[in-house]
Amino acid sequence: MFFVDTLELSGLGNRSYLAGGAESAVVIDPPRDIDQVLAAAARRGVRIAYVAETHVHNDYVTGGLELARVSGARYLVPADASVAYARTAVSDGDTVAVDDGLVLRAVATPGHTPHHTSYVLEDAGRSVAAFTGGSLLIGTVGRPDLVEPRLTERLARAQHASAHRLAGLLDDDVPVLPTHGFGSFCSSSQAEGDATTIGAERRSNEALTKDVSTFVADLLPQLEDVPAYYAHMAPVNAAGPAPIDLTPPERADADELAARLAAGEWVVDLRNRVAFADGHLAGAFNFEGDGKPATYLAWLIPWGKPVTLLAETAEQIADAQRELARVGIDRPAASATGDPRDWVREGETPRSFPRAAFADLADVLGRDEQPVVLDVRRDSERKTGYVSGSVHVPIHELHGRLDEVPPGTVWVHCAGGMRAAIAASLLDAAGRDVVAVDDGFDAAEEAGLELVRPGGRA
């Protein structure tokens with residue numbers, strides 16, 4: 001008998017896996033915070049015999065090296081990956097015995113990276129699971145454009161070939177267990193559904209239903225912007241990440257918070273966007289702890305800039321600290337808990353700004369007022385339709401382009417509200433009058449706003 005446990009990393013949109021038998025197991029693509037992996041193995045009562053990487057990751061810091069050290073496991077890394085630490089290099093066709101009758105087989109699947117390797121778990125000689133990393137995902141494939149722009153088309157073609165190789169090797173009922181595709185920007189597009197098999201992908205995945213030229217021609221234009229912090233992940237992973245440190249950061253009082261803001265450091269408020277709009281420390285930025293704080297904070301912050309975290313509770317600070325460490329923001333400079341009244345100096349008061357719906361924006365425009373309407377969605381989202389006359393600056397570019405936002409009160413929106421809240425906090429910290437549109441974009445048309453769509457007006 002065998003088992004496969006899924007370890008969710010919902011904040012980054014990834015998964016890791018613990019798979020094994022009665023006594024020992026292998027971990028595929030572990031996160032940096034290995035305590036949860038060790039706990040999962042302890043619940044199963046198994047020894048971690050192997051840790052396997054499908055590739056040198058571009059979107060998060062791996063815990064593989066440290067997990068192998070702590071557990072005494074052999075660390076399996078693709079042979080062609082250039083890394084600076086000792087590992088067990090694996091090549092196409094290599095096998096290791098995970099447990100009695102349970103074998104892990106390496107299958108070269110280049111495309112997401114040149115060295116990408118998938119792993120097939122075999123029980124008594126029968127394939128029972130395919131750990132496909134950033135190769136074959138649910139309904140799509142991993143991005144081929146994260147290594148080197150000049151290699152993108154070549155890697156896209158390799159993705160197509162790798163998908164066909166897996167489909168040719170495996171029976172229809174074999175589960176496909178990818179690392180990416182659940183919100184990760186390493187995915188070419190986002191997964192629809194939570195589980196899949198080789199047979200399901202054979203029927204629906206465009207890498208398997210289209211010829212290579214059509215697949216590549218359709219894939220490349222839909223690739224989104226690459227998060228800026230990705231440039232730092234692969235070098236860290238290739239060099240060998242340091243062990244994670246999740247000890248609580250030092251506490252900061254109101255005077256220290258003011259000093260850190262004055263020094264140009266980032267002070268990040270993790271509370272929900274409603275609470276932030278109602279009252280916050282002037283100069284703080286809002287990245288909701290319940291959203292994707294690691295992805296968007298790491299994308300926007302100048303790399304290496306000290307960050308101080310604000311939240312209602314110490315538990316919220318600890319959760320965010322864990323998320324940030326996964327993307328290489330190792331140690332918050334400081335933290336504070338409570339509410340804005342605890343974070344402002346004596347004699348000062350918290351700042352606030354209004355929230356609104358698209359119907360409120362329609363009312364303002366109907367009175368012939370001329371606010372600035374700022375759309376912070378991605379380019380691909382804007383192509384599906386936008387508010388007539390709106391200014392477009394994607395959220396990940398806004399911090400460096402604030403001077404491009406026209407004067408006047410800024411009504412900022414995204415597709416649902418979270419990114420608009422980030423943008424509103426950036427604008428508010430810069431001294432702008434801002435209204436955060438906390439509404440789904442579908443409501444814009446329902447409110448009677450004039451939308452422009454590709455090819456003409458709605």
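Residues numbered from 1 in each chain as written. Predicted model: local features only at pLDDT ≥ 70, side-chain atom pairs only at ≥ 80, totals over all residues. Heavy atoms only, no water.

> Just give me the short version of helix α2 (residues 64-71), but keep the residues and values in it.
Along α2, the residues classified as buried are Gly64, Glu66, Leu67 and Ala68. Those residues of α2 that are buried are in contact with β3 (24-28), α1 (35-44), β4 (47-52) and β5 (74-78). In the stretch just after α2, Gly72 is the one whose phi turns positive, near 80°. (Buried < 20%, exposed > 50% of the residue type's maximum accessible area, 1.4 Å probe, protein only. Helix = DSSP H or I, 4+ residues; strand = E, 2+ residues; numbered from the N terminus. Contact = heavy atoms within 4.5 Å.)

> Can you lay out the packing of helix α3 (residues 152-169) against helix α6 (residues 212-219) for me, pointing to particular residues and giving the numbers?
One way to put it is that α3 packs onto α6 with a least axis distance of 10 Å and a crossing angle of 125°. Considered as vectors, α3 and α6 are oriented oblique to each other. Note on packing geometry: the crossing formed by α3 with α6 is right-handed. Here α3 contributes Glu153, Ala156, Arg157 and His160 to the contact with α6, which in turn contributes Val212, Ser213, Phe215, Val216 and Leu219. Of the residues assigned to the contact of α3 with α6, the class counts are five nonpolar, two polar and two charged. (Axes fitted to C-alpha atoms, helices over the stretch in contact; angles between N-to-C directions. Parallel < 35°, antiparallel > 145°, perpendicular 65-115°, else oblique. Left-handed = near helix turned anticlockwise from the far one by under 90°. Nonpolar A, V, L, I, M, F, W, Y, C, P; charged D, E, K, R; others polar.)

> Give a description of the pattern of salt bridges that names residues and reports values.
Evaluated as defined, the whole model comprises 36 salt bridges. Residues Arg322 and Asp33 are paired through a salt bridge, measuring 2.8 Å at the closest nitrogen-oxygen approach. In this pair, Arg322 sits in helix α11 (residues 314-325) while Asp33 sits in the loop between β3 and α1, placing the two residues 289 residues apart along the sequence. A residue is classified by how much of its surface remains accessible, and Asp33, at 0% relative accessible area, is buried. Residue Glu206 is joined to Lys210 by a salt bridge in which the shortest nitrogen-to-oxygen separation is 3.1 Å. The network of salt bridges with shared partners includes Asp33, Asp35, Arg322, Glu323 and Arg326. (Salt bridge = Lys/Arg side-chain N within 4 Å of Asp/Glu carboxyl O.)

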